[in-house]
Structures are given as C-alpha cells and as structure tokens.
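Per-entry structural report
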Amino acid sequence: MSEELVKLSGVQKAYRRGKQSVPIFETLDMSIEKGAFLAIMGPSGSGKTTLLNLLGGVDRPTGGSITFQGQRVDNLSESRLAAFRAGHVGFIFQFYNLMPMLTAAQNVELPLLLTSQGSKARKERAATALQIVGLSDRAAHKPSELSGGQQQRVAIARAIVSDPELILADEPTGDLDRETANEILSMLQELNANYGKTIVMVTHDAEAARYARKTLHLDKGHFVEKDLVA
Amino acid sequence: MTSRGLVWKNLFRKKLRTFLTLFAIFVAFLLYGVLMAFQATQEAPTQGPLARRLVVTNKINFTQPLPISYVDKIRALPEVKRASHMSWFGGYYREPQNFLIAFAVDEESFLDVYSEFELPPEQRAAFLKDRQGIVIGKRIADSYGFKVGDHIPLRSNLFFKKDGGDTYEFNVSGIIVSPENLQGEDQVAFHYAYFNEARAFGQDSIGQVIVETNDPAQNDAVAQKIDAMFVNSANETETRSEAVFQAAFAEQAGNIGLIITFVVGAAFVTILLIAGNTMMLAVRERTGEIGVLKTIGFTAQRIFAMVLSESMLFALIGGLLGLAAAAGASAYLGTAGPGFIAGMKVTPGIALSGLGLMLLLGLVTGAVPAWNAMRTDIITAFARK
Ligand SMILES: Nc1ncnc2c1ncn2[C@@H]1O[C@H](COP(=O)(O)OP(=O)(O)OP(=O)(O)O)[C@@H](O)[C@H]1O
Ligand SMILES: [Mg+2]
C-alpha cells in the first residue's frame, strides 16, 4: 500500500487581472503518492507552472485545500511556507537559475544556509550532492564556466541537498539538446528509483515524459484522459 | 559559504562597478571630512582664549582707526582686568607676495593679554628692552628661517615713513609658540612706539583694543558698556568677542568659506546620488535571483536583511576609507597649510556625523531595493531566464 505525499482537494486558483478574475483551476483534485515520478504535459497556458507553484508552496490556492504528508500547507503564513519549501521541496528550473558569483559547490550549499548545520557539515553535504550528480570535479567552477547540462546538474544537486521529499521540475530539459536532456532525465529517474524522491516534472516533450512513471495531461485547468504515452 | 559570505560575494560580483562606486563614496566622504574640518576652522570658537577676550574696533569698519586715548578709558572701567592695543601694519618681507600678518602692539600689555603665547623669559625681556625688537610666530619663523638675533627689514604697504621710505628695521627678539591659539604662530608683533614715531601719518591712532575682563561671563554687558562710552563721539566703537571678530576678519577674504562649502557640498550630494542610484540598480538587476532565493526557502525578512547589509557595508567601506583619508589630509593641511586653516582636523564630532551619514546612505540606498526585493513576486521564478 503506497503512502500519499501531496493531496489537492477542490483546489481553485484564479489570477486577478485588473478588475477581472481569471480562473485557472475551478476544482482540481489530485493525489501524488510517495515515490511517484509524474510528468505533466499540456498546451501553453494550461496551468502547468501554476500547478507546480501550488504543489511547492510557492503560491496559494484561492480555494480548496492542499495537504503535504497529511498537514495543511495552503494556509501557512509566509515565513512558515518558506520553511516548508526549504525543508520539503526541491526546485529545478528550465534556466537553471544558479547564482553567477558562486561556485558550483557554493550554489549547492545555498539551501543549507537555511538549516542549523555547521559549516563543515554543509560542505560535506554539498560535496555529496555534487557527487550524486557526477560533478565533483567541477565543484570550484562558476556557472559561466559550465555547460548547460552541467549547470542543470548543479541545479539538481542544489534541489536534493537538503534531502526534500518532493522535487518539482519545470521544463528541466527545455533548454538542452536531446543527448544532454536524456542524461538529465536519467538522473531524475535515478533519484526517483534509488533515492526514493517523489518527482513532478512539467514538460512539453513527449520523449522526456517517457522517463516518468506516469503522465498527466492538463488542458484548460483540467486533467484529461489521453493515452498519449506510447 | 555563509550568509555573510553571500552578502560579500554579491558586493563584489561586478568588480569594476563596485570599485567605481566605492571610489565615488570614498571621494564623497573625503570631501565631507575635509570640508567639515575646514569649516570648523572658520567658526568662532566658544571656548578658549579667543572666547574670553573682547576686541574693540571702529564701528564703521575694523580697518578704520581709533584714537589711542580710548585704551586708557577702557582700562579705567572696573570690569576690565587688562587691555592692550594692536595696529595693522600691512607688512611684507622684501617682496609684496611675502605678505605677513604684522601688528604694532603695546608690547608689555600685549604679552600679558595674550597669556597663551609662550615666550622664554629672556626673549621676553629682550623684546621689551629693544625698541626695534620684534617677536615672530613660530610658523612664520620656520617658513622664512628667521632666528633670534636676526636683523630683518619689513616693508609696509600702508604706512610710509617720515623719511619717505617704507622699510622698518627690526631685531628678532623672540619666537612665539602658541599651540592653544595658532594665530600667535602666524603673526609678528613689534613696538607701537617705534612704529608710531617713524610713520608719516596716522599718529596716535590705533587699530583695535584687546580687552580681558574680570569675569568673562559678563563680557556681553562689558561690551555694551564700552560701546555706550563712545556713542555719539567722532569714533563710535563696536565691541565683540575676539572669536567673533576673527571669524568676521576671515570672511573679509571674499568669503571663501561659503563658496568652498557650497561647491564641495554640491559635489558631495551629487556623488552620493549617483552612488546611491548605482547601488539601487545593482539590486534591481538581481530581481530574478532574489525570486529564486525566495523560492528555495529564503524568507522575505532574510532577504531584506541581506540586501540592506550589502548597501550598509558598501557605504561603510567607502565612507570610512574616505573619512580616514580626510583625517590625514586635514591633519596635513592643518600644519603645513596657510594660517587661516591652522589646526584644521577631523574631530571626533565630524567623524561621528560622517558615520551617521554613511549609515543614512546605506539605509536609504538599501531600504528601497531591500523592500522591493522582499516583495519580489516569487511565482515568477520558475520562468526566469
Ligand atoms: N502571475 C500571474 N498573473 C496573472 N496571470 C497569470 C500569472 N501567472 C500565470 N498566469 C496565467 O495563468 C495561465 C496559466 O499559466 P501557467 O504559467 O501556469 O501556464 P503553463 O501551462 O505553465 O504555460 P507554459 O507551457 O507556457 O509555461 C496563463 O493564462 C497565464 O497567463
Ligand atoms: Mg509554464
């Protein structure tokens, strides 16, 4: 019997645009099991990024509830929400979003500044995370001295360094060539299979989605059944 | 890596820009320190010998003479402890550009009234005895190389002699050291009697009377009393504290003080505006990064503190270096510079006000971007390139 990690119940989300309220989700229900590797596909503007923001506690729903390991997170205060993100969610972005003035190792160490760990422990953990993504030999390099694929691997190391249960990735291979993309996707697969990380990945790329265990299609704020996975 | 390390790395991420901005702040506070130190030399002191004494001059203008008879009338007042008189000589040494602050004085009362002037007893005795004796301020003696026993001719651009010449002969009787009142080291003084007898005109007139009262707390009343004594006479008087008189005297010189203050003040403000704007832009450029930091769990308060400490550090590094340079420059100008800025220095008060300005600069340039950073919309972080 598998355990539930995140649950969305009747989630509503609307953006204000001037006086108008633009609904993105009217009632969204979703359950993500621990250990899942979920790909989310859908046309541009269908709400994929909005969904990731809600899952990661980056944005709040306008209605309904979101629970993480059985705890409500949608009504947490700003600072508690920040602590929730720091402790339980790892983020991977399309454009890596590394700090340009920091080395790979320092970038990876960044989330650990929010923990009570000492300097030595932080360095060790960052080194371990870099080792997992196979970049130990680039630890002292700045992002500008790394290829796109290498930068994304540093970003993955940063996302896993504080050992979060959930990893969210928005188009993690959107900026990479096929071969490099496959490397990154294999790495995510490994994190899921060997380290038990729950992963939700947004992608436009059907081939990328194949690395996931399951693919959901989002259209106009609803999940649609569509047997696209070949 | 630490949070402090992160602040530090942000500070120096663009080395050239950081250097230029730090340099601008450095220059601003260098100007500030020197300007304030300069201004302090132009202000009438409220303590010390200059604040204790009164100066009586002609009411029309202090360059107009007073009859010498006024001295004894003033001495006769019960509130007056001592009085002496001085007359502007308009002196120079050999060439007009070697301008000297030179006074013909009532020698004995002069040395008594100016008790802060240090003169060895044997030099004092020699000065009082020699009708053509002259005492030279140490800084003047140093710059012209005058020594005790030298025979020096001084010329006057105001007072011709009865014999048609303008050169008065003097014997250097002593060198005056006066750390408490550096004016004493920047002037020369000789016997009024010799000068008065030799000059072709203006006999028995003097320039100003210097008054020491029994109770400096009553100086205002005494000043009024003196002026009242000569009201409706041919030569009405104006009596002020010596400090105020000196400040007015310095302003004669085209009010350089105000001009310098204005120009330097404008430069200071301009530089700070430019530096502040650069610092704000530097943070604005990082909106995306700040969004990412927030996404991975940095709290708004933490980011506010980071950005603010960055600008504080920036202002403090540039500012403290600038103030330190100002202290060095002022100390140098105060000893080696012209007499009217003698003793110029960056006082603890100036340093403290400078520090306050640095903190203010850091706060103002930091608070706006820090506030914006704190409110950065994190939901844009995912899509940011
Ligand atoms: N901050 C916002 N304010 C207002 N509207 C927004 C905001 N963010 C997203 N939207 C709107 O919500 C809808 C869904 O946006 P979202 O970014 O979730 O789409 P997406 O599926 O990720 O698209 P893409 O594939 O282009 O990234 C879009 O119509 C978008 O314009
Ligand atoms: Mg998107």
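For the structure given in this document, a descriptive report is provided here. Only a predicted model underlies this, so the values are computations on that prediction, with no experimental measurement involved.

The immediate surroundings of ligand 1 are formed by 13 residues, with A:S44, A:G45, A:K48, A:T49 and A:T50 found nearest. Ligand 1 sits at the junction of chains A and B, each of which supplies nearby residues. In the model, an oxygen atom of ligand 1 is placed 3.0 Å from a nitrogen or oxygen of the A:G47 main chain. Secondary-structure elements contributing two or more residues to the shell around ligand 1 are β1 (4-17) and α1 (48-55) of chain A. The dominant element in the shell around ligand 1, judged by the number of residues it contributes, is α1(A), at three residues. Of the residues contributing to the shell around ligand 1, the split by class is four nonpolar, seven polar and two charged.

In this section: the packing of aromatic side chains. Residue and element names in this part refer to chain B. For the structure on display, the rule yields 29 aromatic pairs over all chains. Judged by centre distance (3.7 Å) and plane angle (10°), the ring pair of Y70 and F230 falls under stacked. Of the two residues, Y70 is situated in helix α4 (residues 69-75) and F230 in the loop between α9 (219-229) and β12 (237-241); the sequence distance between them amounts to 160 residues. On the basis of relative accessibility, which here comes to 4%, the residue Y70 falls in the buried class. The cationic tip of R199 hangs over the ring face of F159; the distance from NZ or CZ to the ring centre is 5.1 Å.

Sheet strands associate in pairs through backbone hydrogen bonding, adopting either a parallel or an antiparallel arrangement. All names here are of chain A. Taken in spatial order, the six strands line up as β6-β7-β8-β3-β9-β10 in an open sheet, and their pairing is mixed. Whereas interior strands pair on both sides, the edge strands pair on one side only; in this sheet they are β6 (89-92) and β10 (222-224). Strand-to-strand twist of the sheet, defined as the mean angle between neighbouring strand axes without regard to direction, takes the value 25°. Across four bridges, β6 lies against strand β7 (residues 166-170) in parallel orientation. The residue bridging V89 from the neighbouring strand is L166, located in β7. Packing against the sheet, helix α5 (residues 148-160) makes contact with β6 and β7, and its axis sits at approximately 170° to β6. Contacts from helix α6 (residues 178-195) reach β3 (37-41), β6, β7 and β8 (198-202), with the element oriented near 150° to β8.

The rules behind each value
- Residues numbered from 1 in each chain as written.
- Chains lettered and ligands numbered in written order.
- Predicted model: local features only at pLDDT ≥ 70, side-chain atom pairs only at ≥ 80, totals over all residues.
- Heavy atoms only, no water.
- Near = heavy atom within 4 Å.
- Polar contact = N/O pair within 3.5 Å; in protein donor to acceptor, adjacent residues only side chain to side chain.
- Helix = DSSP H or I, 4+ residues; strand = E, 2+ residues; numbered from the N terminus.
- Nonpolar A, V, L, I, M, F, W, Y, C, P; charged D, E, K, R; others polar.
- Phe/Tyr/Trp six-rings, centres within 6.5 Å; stacked < 30°, edge-to-face > 60°.
- Buried < 20%, exposed > 50% of the residue type's maximum accessible area, 1.4 Å probe, protein only.
- Lys NZ or Arg CZ within 6 Å of the ring centre and 35° of its normal.
- Pairing = 2+ DSSP bridges.
- Axes fitted to C-alpha atoms, helices over the stretch in contact; angles between N-to-C directions.
- Contact = heavy atoms within 4.5 Å.

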